[in-house]
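What follows is the residue order along each chain.
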Amino acid sequence: MRSTEEIVETLREALTGVGVALPSLRVDPVTGASDEPFALVDLGRCNVRTAEKLASVLRGERPAVGAYATDVRDGRIGEVMGHVGGRVQLRPVGGGREWECPPESVGAAPPEEVLRARVRGRNREARLS
């Protein structure tokens, strides 16, 4: 049987693999130091966005809430805000008006394109201030 620490690390890697970070994930110090044969795993506290992303992943939504995606119909990149009525709701990187996209038209957003979109948004904000 694997140690509790190994199991917690496996869970951390699995969560990271689907884009979820639980910063307080650890072995519960009280049960971990006791003679309890099955120590508790402390999942810790997380913010609402992380909880929403975790719920989305557990529901099997693709792409998960909080991920970045490309609307292949026109190349726009957006953050996934939800899944409603069989459609994916996207919001432009950096904010703005959301739009809906059929799931078959959603593609992965390359990290470099997300970065470019974020920089464009920041530059636009700077010009407006």
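Our structure is the block above this text.
Below is a short write-up of the structure. Computed from a predicted structure; not experimentally measured.

**A look at the nonpolar core**
Reasoning step 1: Counting residues in hydrophobic clusters, the biggest one holds 9 residues: Val8, Leu15, Val20, Leu22, Leu25, Val27, Ala39, Val57 and Ala64.
Reasoning step 2: Leu15 has contacts with Val20, Leu22, Leu25 and Leu54, leaving out every residue within four places of it along the chain.
Reasoning step 3: Core analysis: the second largest hydrophobic core is formed by 7 residues, Val80, Val88, Trp99 and Cys101 among them.

**Details of the sheet that holds strand 3 (residues 68-71)**
Reasoning step 1: Within the open sheet, the 5 strands sit side by side as 6-5-4-3-7. Their pairing is antiparallel. Each edge of the sheet is formed by a strand with only one pairing partner; in this case those strands are strand 6 (99-101) and strand 7 (106-108). Looking at each pair of strands side by side, their axes are set apart by 55° on average, direction ignored.
Reasoning step 2: When strand 3 meets strand 4 (residues 76-84), the two strands line up antiparallel, connected through 4 bridges. By the bridge assignment for strand 4, Ala69 is matched with Gly78.

**Considering the pattern of salt bridges**
Reasoning step 1: In this structure the tally under the stated criterion is 11 salt bridges.
Reasoning step 2: Asp71 is paired through a salt bridge with Arg73; the nearest N and O atoms lie 2.7 Å apart.
Reasoning step 3: If you follow the salt bridges from partner to partner, you end up with Asp71, Arg73, Asp74 and Arg76 in one network.

**Topic: unusual backbone geometry**
Reasoning step 1: Cis rather than trans, the peptide bond between Arg62 and Pro63 has omega equal to -10°.
Reasoning step 2: With respect to the helices and strands, Pro63 occurs in the loop between helix 3 (48-59) and strand 3.

Analysis parameters
The written sequence of each chain sets the order in which its residues are numbered from 1. In keeping with the model being predicted, local features are shown solely for residues with a pLDDT of at least 70 and side-chain atom pairs are shown and tallied solely at 80 or more, while totals for entire chains, interfaces and linings include all residues. Heavy atoms throughout the structure, all of them, feed into the side-chain values; hydrogens and water do not. Nonpolar core, defined: a set of buried Ala, Val, Leu, Ile, Met, Phe, Trp, Tyr and Cys residues in which side-chain atoms within 4.5 Å join the residues together. Relative accessibility thresholds used throughout: buried, under 20% of the residue-type maximum; exposed, over 50%; partly exposed, between the two (1.4 Å probe, protein chains only). Any two residues whose heavy atoms approach within 4.5 Å at even a single point are treated as in contact. Strand pairing is assigned whenever DSSP identifies at least 2 bridges connecting the two strands. Think of it this way: any DSSP run of H or I at least four residues long counts as a helix, any run of E at least two long counts as a strand, and we number them from the N terminus. Under this scheme, a helix contributes an axis fitted over its contacting stretch, all axes are lines through C-alpha atoms, and angles between N-to-C directions fall in the 0 to 180 degree range. For this analysis, a salt bridge means a side-chain nitrogen from Lys or Arg found within 4 Å of a carboxyl oxygen belonging to Asp or Glu.

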